[in-house]
Amino acid sequence: VQLQASGGGVVQAGGYLRLSCAASGRNFDNNVVAWFRQGPGNQREFVAAISKENSATSYADSVKGRFTIARDSAKNTVSLQMNDLKPEDTAVYFCAARSPLVTVIHRTHRSYPYWGQGTEFTVSS
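The rules behind these values
Residues take numbers from 1 onward in each chain, read along the sequence in its written order. Per-residue local features are limited, in this predicted model, to residues with pLDDT of at least 70; the limit for side-chain atom pairs, both in listing and counting, is 80 or more; totals at the level of whole chains, interfaces and linings are taken over all residues. Water and hydrogen atoms were dropped before computing side-chain values, which therefore reflect all heavy atoms in the structure. Categorising residues by exposure relies on relative accessible area from a 1.4 Å probe, with only protein chains included: less than 20% of the type maximum marks a residue as buried, more than 50% marks it as exposed, and the intermediate range marks it as partly exposed. Under the scheme used here, helices are H or I runs from DSSP no shorter than 4 residues and strands are E runs no shorter than 2 residues, and both carry numbers assigned from the N terminus. Whether two strands pair depends on DSSP finding at least two bridges between them.

*Asks:* Sorry, what's going on with the pairing of strand β9 (residues 91-97) here?
*Replies:* Residues in a regular strand point their side chains to alternate faces of the sheet. Most of β9 is tucked away: six of the seven residues are buried. Pairing analysis gives three bridges linking β9 to strand β11 (residues 119-124), with the strands arranged antiparallel. Pairing of Tyr93 across the sheet is with Thr119, part of β11. Direction of pairing for β9 relative to strand β10 (residues 114-115): antiparallel, over a ladder of two bridges. Looking across to β10, one finds that Ala97 is bridged to Tyr114.

Written out as structure tokens, the structure is:
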């Protein structure tokens, strides 16, 4: 499955932004899909994930209550709605998918073999 992330830009602190991850090649309803981010000088970190059939979601503590991950099967996309943005949310955001053979959400980026190219946004204070 090929992934493409979009939706980056510049937003003021307290604002909101919606990222989208589109899959091509096949439907990715059967894949666990996650968002990771990598800020300047930082390692890639887990942000959020959604399981197959949307039965479960998982969020990093730093974004819980502010970010929402959701899947649109009709559009074959997974979105990340981000509210109350903070300067520390500034990063390049990547969407990633696990093999359709596994069902567990993992927070380690090495568990995800499929990656999009990343989309960058900046939160200005």
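There is more to say, and it comes next.
*Asks:* Help me out: how do you make sense of unusual backbone geometry in this one?
*Replies:* Working note: non-glycine residues mostly have negative phi, and peptide bonds are mostly trans. Despite not being glycine, Asn76 shows a phi value in the positive range, around 60°. You can see Asn76 is positioned in the loop between β7 (67-72) and β8 (77-82). Positive phi is not limited to glycine here, since Asp84 has a value of about 50°. Tracing the sequence through the fold places Asp84 in the loop between β8 and β9. For Asp84, a relative accessible area of 45% gives the class partly exposed.

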